[in-house]
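# Coordinate inspection notes
Next come the chains, spelled out residue by residue.
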Amino acid sequence: MDNKMRIVAEEFENTTTGEKVTGVTVMIDGKLRQVFDIMIAKSGYNKSYLEMLQEVLVLGIDEYIKKLK
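From a predicted model like this one, the values you see are computed outputs, not experimental measurements.

The next subject is the overall build of the protein. A tally of regular secondary structure across the protein gives 2 helices and 2 strands. Compactness check: the protein gives a C-alpha radius of gyration of 15 Å against a globular reference of 11 Å for 69 residues, more than 25% above the reference. With the C-alpha coordinates of the protein rotated into their principal frame, the extents come out at 40 × 35 × 25 Å. For the protein, with 69 residues in total, the buried portion stands at 12%. If you take every contact in the protein between residues at least 6 apart in sequence, the share linking residues at least 24 apart comes to 16%. Just so you have it, the protein exposes about 6,000 Å², and 58% of that area is on carbon and sulfur atoms. Averaging the positions of the 10 positive and the 11 negative side-chain charges in the protein gives two centres separated by 8 Å.

What follows deals with the nonpolar core. If you look at the biggest cluster of nonpolar residues, it comprises 5 residues: Ile28, Leu32, Phe36, Ile40 and Met52. Ile28 has contacts with Arg33, Phe36 and Tyr49, leaving out every residue within four places of it along the chain.

When strand E1 (residues 6–13) meets strand E2 (residues 20–27), the two strands line up antiparallel, connected through 8 bridges. Each residue of the ladder has a partner; that of Glu13, found in E2, is Lys20. Between the end of E1 and the start of E2, which pair antiparallel, lie 6 residues, with Gly18 showing a positive phi angle near 80°.

This next bit is on the packing of aromatic side chains. Evaluated as defined, the whole model comprises 1 aromatic pair. Ring geometry for Phe36 and Tyr49: centres 6.4 Å apart, planes at 45°, overall tilted. Remark: Tyr49 occurs in helix H2 (residues 49–68) and Phe36 occurs in helix H1 (residues 30–43); sequence separation between them is 13 residues. Given the relative accessible area of 26%, Tyr49 is considered partly exposed.

So, about the packing of H1 against H2. Closest axis-to-axis distance for the H1/H2 pair is 10 Å, and the angle between their directions is 90°. In terms of orientation, H1 lies roughly perpendicular with respect to H2. Of H2, the residues touching H1 (which contributes Arg33, Phe36, Asp37, Met39, Ile40 and Ser43) are Tyr49, Met52, Leu53 and Val56. Residues of the contact of H1 with H2, tallied by class, amount to 7 nonpolar, 1 polar and 2 charged.

This part is about a nonpolar patch on the surface. Among the surface-exposed residues, Met5, Ile7 and Val24 lie close enough to one another that they form a single nonpolar patch of about 310 Å² accessible area. We classify Met5 as exposed; its relative accessible area is 53%.

So, how was this worked out
- Along each chain, numbering runs from 1 in the same order as the chain's sequence is written.
- The predicted origin of the model limits local features to residues at a pLDDT of at least 70 and limits the giving and counting of side-chain atom pairs to 80 or more, whereas totals for whole chains, interfaces and linings rest on all residues.
- Heavy atoms throughout the structure, all of them, feed into the side-chain values; hydrogens and water do not.
- Strands here are runs of E lasting at least two residues and helices are runs of H or I lasting at least four, both read from the DSSP assignment and numbered beginning at the N terminus.
- It is over C-alpha atoms that the radius of gyration is taken, and the globule rule equals 2.2 Å times the number of residues to the power 0.38.
- Classification of residues uses two cut-offs on accessible area relative to the type maximum, computed with a 1.4 Å probe and protein chains only: under 20% is buried, over 50% is exposed, and between them is partly exposed.
- Contact between two residues is taken to exist if any of their heavy atoms lie within 4.5 Å; hydrogens are not considered.
- Computed with the Shrake-Rupley method and a 1.4 Å probe, the accessible areas treat only the protein chains shown as cover for residues.
- Under the counting rule used here, the positive set is Lys and Arg, the negative set is Asp and Glu, and His together with the chain ends is not counted.
- Positions of charges follow a simple convention, taking NZ of Lys, CZ of Arg, CG of Asp or CD of Glu.
- Nine residue types can take part in a nonpolar core, namely buried Ala, Val, Leu, Ile, Met, Phe, Trp, Tyr and Cys, and a core is a set of them joined through side-chain atoms within 4.5 Å.
- Paired strands are those between which DSSP finds at least two bridges.
- For Phe, Tyr and Trp, where Trp contributes only its six-membered ring, two rings pair if their centres lie within 6.5 Å, and the inter-plane angle classes them as stacked under 30 degrees, edge-to-face over 60, or tilted in between.
- Between the N-to-C directions of two axes lies an angle of 0 to 180 degrees, each axis being a line fitted to C-alpha atoms and, for a helix, fitted only over the stretch in contact.
- Convention used here: angles under 35 degrees read as roughly parallel, angles over 145 as roughly antiparallel, angles from 65 to 115 as roughly perpendicular, and any remaining angle as oblique.
- All amino acids are sorted into three groups, where Ala, Val, Leu, Ile, Met, Phe, Trp, Tyr, Cys and Pro are nonpolar, Asp, Glu, Lys and Arg are charged, and the leftover types, Gly among them, are polar.
- Patches here are clusters of residues that have more than 30% relative accessible area and form no salt bridge, with a 9 Å joining cutoff for like charges and a 5 Å cutoff for nonpolar side chains (Val, Leu, Ile, Met, Phe, Trp, Tyr).
- Take a side-chain nitrogen of Lys or Arg and a carboxyl oxygen of Asp or Glu: if they are within 4 Å of each other, that pair is a salt bridge.

What follows is the structure in structure tokens.
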């Protein structure tokens, strides 16, 4: 089983403002997919991988901010 996490970053330009922004693609496969499958099953809801990633990211950011205080 693949233990690597694949994340790809791309740069995009806002056509209105010209601002450069980074877009990130996370490949949910291998061990990461197994972990996500377990979290989705235990959440009690039929969440997509995107919904689970959003939730984990927000919770992780909240915890990291608390750690910085």
